[in-house]
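Architecture at a glance
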Amino acid sequence: YKVSVAPEMDIMEYCRKEWRGNTPVAKRMRKGYEAVAQKFASIRRVRGDNYCALRATLFQALSQATQLPSRLQSEDFITLPENLLRKYDWIQQWQLKQKLGRKMGDISDEIKEYLMLLRKKWKNISEIKSPIEKQEACDKLFKNEEEEYSLYEALKFLMLNTAIELYNDDKNGRRVPVFSWLLFARDTSSNPCQLMHNHLNHIGHSGGLEQVEMFLLAYALQHTIQVYRLYKYSTDEFITLYPNDPEEDWPVVTLITEDDRHYNIPVRMCQETML
């Protein structure tokens, strides 16, 4: 199998290996890593395919999960696919992960399966008390390719559902977060149907998550995603929050990126030294 999340490595050692030269870019990256190293001791490399933002976010969310997010607890969580398909028949064109010989028309059952798997795994891992055992359970899950990719389908479907909610809220004059306007201001995603066809269907296949879709992912999971964007070191975008005005009670997951395309995971928060 391919390793999805590599074992941890000292963060500065990793940086020295990756950024040796004396170019302005290398210097900036080293400064960025030094700043991250004030807070985290280690880094775990995340496999770099087009699922990498979903992989890094989900891994971090699960490895610190202590309860099911309220969205996953709700009564209608599992019936989401059939409820949405009843209203929006264009969802039949959802691009499921490659399965040979899949007949069209059973899409809602398949997505339901993925959502059930997400809820089950999240619940099981959040109930593990020992941090070491919790980490082992996450490592094991992210070595099981079949399950891992099913979870990304579930996440993408939650993103679609969230986009539909936001779009409808805006149309009905309710307040929506600013990113929602940006999401639907793109020529390629002026409504949820286009968003699905031109963006969500491509995630994992021919493209990763764009900036504005990081907001959507954060909303779908009800987690704040905090990202150290190393190439933005020494600007006020060095640490970016998705969403930028997070809900107080949302858990925070932290990622690192050098280019807004590939994400790695910082681990082992340094003990804050008492002055």
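Criteria and cut-off values
Residues numbered from 1 in each chain as written. Predicted model: local features only at pLDDT ≥ 70, side-chain atom pairs only at ≥ 80, totals over all residues. Heavy atoms only, no water. Patch = residues over 30% accessible without salt bridge, like charges linked within 9 Å, V, L, I, M, F, W, Y side chains within 5 Å. Areas by Shrake-Rupley, 256 points an atom, 1.4 Å probe, with all protein chains shown as cover. Salt bridge = Lys/Arg side-chain N within 4 Å of Asp/Glu carboxyl O. Helix = DSSP H or I, 4+ residues; strand = E, 2+ residues; numbered from the N terminus. UniProt positions renumbered as here; feature names shortened; annotations may be inferred. Contact = heavy atoms within 4.5 Å. Buried < 20%, exposed > 50% of the residue type's maximum accessible area, 1.4 Å probe, protein only. Lys, Arg positive; Asp, Glu negative; His and termini not counted. Charge placed at Lys NZ, Arg CZ, Asp CG, Glu CD. Polar contact = N/O pair within 3.5 Å; in protein donor to acceptor, adjacent residues only side chain to side chain.

As annotated in an unreviewed UniProt entry, the protein is OTUL thioesterase from Aegotheles bennettii.

So, about a nonpolar patch on the surface. Taken together, the side chains of V178, W181 and L182 present a nonpolar region at the surface, about 330 Å² in accessible area. Tracing the chain through its elements places L182 in helix α9 (residues 178-185).

Within the UniProt annotation, "active site" (unreviewed entry) is assigned to D49, C52 and H262. For this annotated set, covering 214 residues, all C-alpha atoms fall within 8.2 Å of each other, a compact arrangement in space. Tracing the backbone through its elements, the reader meets D49 in the loop between β2 (40-44) and α3 (52-63). For D49, the residues in contact, after removing those within four places along its chain, are R55 and Y149. If you trace the backbone, H262 turns up in the loop between β5 (252-257) and β6 (263-269).

With that settled, the discussion passes to the pattern of salt bridges. Opposite charge on two side chains allows them to pair when their charged atoms are near. If you walk through the whole model with that rule in mind, you get 19 salt bridges. For the salt bridge of K123 with E127, the shortest nitrogen-to-oxygen distance reads 2.9 Å. On the basis of relative accessible area, K123 is assigned to the partly exposed category, the value being 39%. What makes E127 partly exposed here is its relative accessible area of 46%. Between E237 and K232 there is a salt bridge; the shortest N-O distance is 3.8 Å. When salt bridges with common partners are traced through the structure, they connect R47, D49, R55, E145 and E148 into a single cluster.

On the surface, a cluster of negative charge is made up of D245, E247, E248 and D249. Along the polypeptide, D245 turns up in the loop between β4 (239-242) and β5.

Next up on the list: the UniProt feature "site: Linear diubiquitin binding" (unreviewed entry) in the protein. The residues that UniProt annotates with the feature "site: Linear diubiquitin binding" (unreviewed entry) are E237. Mapping E237 onto the fold places it in the loop between β3 (224-229) and β4. The class of E237 is partly exposed, set by a relative accessible area of 36%. Beyond its immediate sequence surroundings of up to four residues, E237 is in contact with R229 and K232. There is a polar contact of 3.4 Å between the side chain of E237 and the side chain of R229.

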